Amino acid sequence: VYHGIYGTNTLAYQTSHVTGSTIVSNTYGIYWINNRSARNMIANSNIITIDGISPTTAAKGFSRTAIFMSETMQHPVTYLATGNFINMTNGNNGIYAGNLANAKIKFNDIRMQATSTGIGINNNLYTSISCNSVNGDLQDTTFKSFGIFTGNSSNHTGLHCNNVDSTFNGIFFTGANPNTVMKGNEMSFHKFGLYLTAPFTVIGIQPHHGNIWNGPFVSFGGINAADPILVSASRFEVDSTLGNFYNPVVSPSFGWFQQDTSSNTFFCNN
């Protein structure tokens, strides 16, 4: 099918709920757009396979997405994607959330090939991305596969206890993402575990949040390519007593990751 589920203009204060569905699509599994009057848009416990066709127009730039959630403006409707299993053999995004004021993306299992993005968010407010698993296939050599991609999202973006594996970039940020909280995320087998783009990307200070760089990494566990004057605005505090997994090799080597053993470190099992 072209769209497994298509939803737009949900009635005021109503909830659209897609659960327990099996969807095989060559473009979109669940496609939700412009539901600004709705109370909730909920996708949970679905099995979605994307075996996509290449887009033929610019308007299809986000095609081949398992769960697509977007508004033209940041309206207060809550979008929730939880407990979905997504398999992309030729896809762009497992879950995409754009221009949303309240998105919660939790407990999803995403498998993907080549140049895909597991979870992508852009221009959001108050987004929670927690306890998701994203697994690639190590076949991307073009810098275009991302476990989690975050762009220009503010007012508290929470990335908690996610596991990303075998993508070119593990967790990737671009633009202004102030007040981001990264806690207990695990990055395994990437070119770059964590990447902040040049020149103005910031995510906020991360005090003892217990992120784990399992590796191995082809290049660095983390790169902050922002202007040097902004590096400290994304400072990580790490605990040297916890070993190498909590203390990756990063660039720049000074001013970004700083040792501090004076506070407790966050662990997901707590």
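In this report, the structure presented in the accompanying data block is examined. (Residues numbered from 1 in each chain as written. Predicted model: local features only at pLDDT ≥ 70, side-chain atom pairs only at ≥ 80, totals over all residues. Heavy atoms only, no water.)

**Side note on the state of the cysteines**
Disulfides are covalent bonds that connect the sulfur atoms of two cysteines.
Here is step 1: Considering all chains together, one arrives at one disulfide under this definition.
Here is step 2: The partner cysteine of C161 in its disulfide is C268, sulfur to sulfur 2.1 Å. Linking C161 and C268, the disulfide has an S-S dihedral of approximately -110° and is accordingly described as left-handed. One end of the pair, C161, is in the loop between β17 (154-160) and β18 (163-165); the other, C268, is in the segment after β28 (257-259), with 107 residues separating them in the sequence.
Here is step 3: C268 gets classed as partly exposed once you look at its relative accessible area, which sits at 38%.
Here is step 4: Free cysteine C131: the closest other cysteine sulfur is in C161, separated by 5.0 Å.
Here is step 5: Take C131: its relative accessible area is 32%, and that puts it in the partly exposed class. (Disulfide = S-S within 2.5 Å. Helix = DSSP H or I, 4+ residues; strand = E, 2+ residues; numbered from the N terminus. Buried < 20%, exposed > 50% of the residue type's maximum accessible area, 1.4 Å probe, protein only.)

**Looking at the environment of L242**
Here is step 1: With respect to the helices and strands, the residue L242 is situated in the loop between β26 (236-238) and β27 (250-251).
Here is step 2: Taking C-alpha positions, L242 is 9.4 Å from G210, a pair spaced 32 residues apart along the chain.
Here is step 3: In contact with L242, not counting residues within four places along its chain, are T265 and F267. (Contact = heavy atoms within 4.5 Å.)

**What about the pairing of strand β14 (residues 125-130)?**
Here is step 1: Sheet topology places strand β11 (residues 103-106) next to β14; four bridges connect them, and they run parallel. Within the sheet, the bridge partner assigned to A103 lies in β14 and is T127. (Pairing = 2+ DSSP bridges.)

**Section: the pattern of salt bridges**
Pairing between side chains of opposite charge can happen when the charged atoms of each approach one another.
Here is step 1: The final tally for this structure, using the stated rule, is two salt bridges.
Here is step 2: A salt bridge links R235 to E237; its shortest N-O distance comes to 3.0 Å.
Here is step 3: Exposure remark for E237: the relative accessible area of 16% places this residue in the buried category. (Salt bridge = Lys/Arg side-chain N within 4 Å of Asp/Glu carboxyl O.)

**A word on the sheet that holds strand β5 (residues 40-44)**
Strands belonging to one sheet form pairs held by backbone hydrogen bonds; the direction of such a pair is parallel or antiparallel.
Here is step 1: Taken together, the seven strands give an open sheet; going across it, the order is β2-β5-β8-β11-β14-β17-β20, and neighbouring strands pair in parallel fashion. Strand pairing shows two members of the sheet lacking a second neighbour, β2 (15-19) and β20 (181-183), which therefore form its edges. Direction aside, the axes of adjacent strands within the sheet are offset by 5° on average. (Axes fitted to C-alpha atoms, helices over the stretch in contact; angles between N-to-C directions.)

**Observations regarding the packing of aromatic side chains**
Here is step 1: Inspection of every chain in the model, using the stated rule, returns 19 aromatic pairs.
Here is step 2: Between the aromatic rings of Y31 and F68, the centroid separation amounts to 4.8 Å while the plane-to-plane angle is 10°, which identifies the pairing as stacked. On the criterion of sequence distance, the pair formed by Y31 in strand β4 (residues 28-33) and F68 in strand β7 (residues 65-70) is long-range, its members being 37 residues apart. The same class applies to Y31 and to F68, which are both buried.
Here is step 3: Through a chain of ring-to-ring contacts, three or more aromatic side chains come together here, namely Y2, Y6, Y28, Y31, F68 and Y96. (Phe/Tyr/Trp six-rings, centres within 6.5 Å; stacked < 30°, edge-to-face > 60°.)

**Here we look at empty space enclosed by the protein**
Here is step 1: One pass over the structure, following the stated rule, counts one cavity of 30 Å³ or more.
Here is step 2: Taken as a whole, the largest cavity spans an internal volume of roughly 80 Å³.
Here is step 3: Lining the largest cavity we find 13 residues, and of these H209, G210, N211, E237 and V238 sit closest to its centre.
Here is step 4: No other element matches β26, which puts three residues into the lining of the largest cavity.
Here is step 5: For the lining of the largest cavity, the residue count by class is five nonpolar, six polar and two charged. (1 Å grid on protein atoms, 1.4 Å probe; cavity = no way out; pocket = protein on both sides within 12 Å on 5 of 7 lines; lining within 4 Å. Points joined across faces, edges and corners; volume = space filled by probe spheres on them. Nonpolar A, V, L, I, M, F, W, Y, C, P; charged D, E, K, R; others polar.)

Everything listed here is a matter of coordinates, which is why it stays silent on function.
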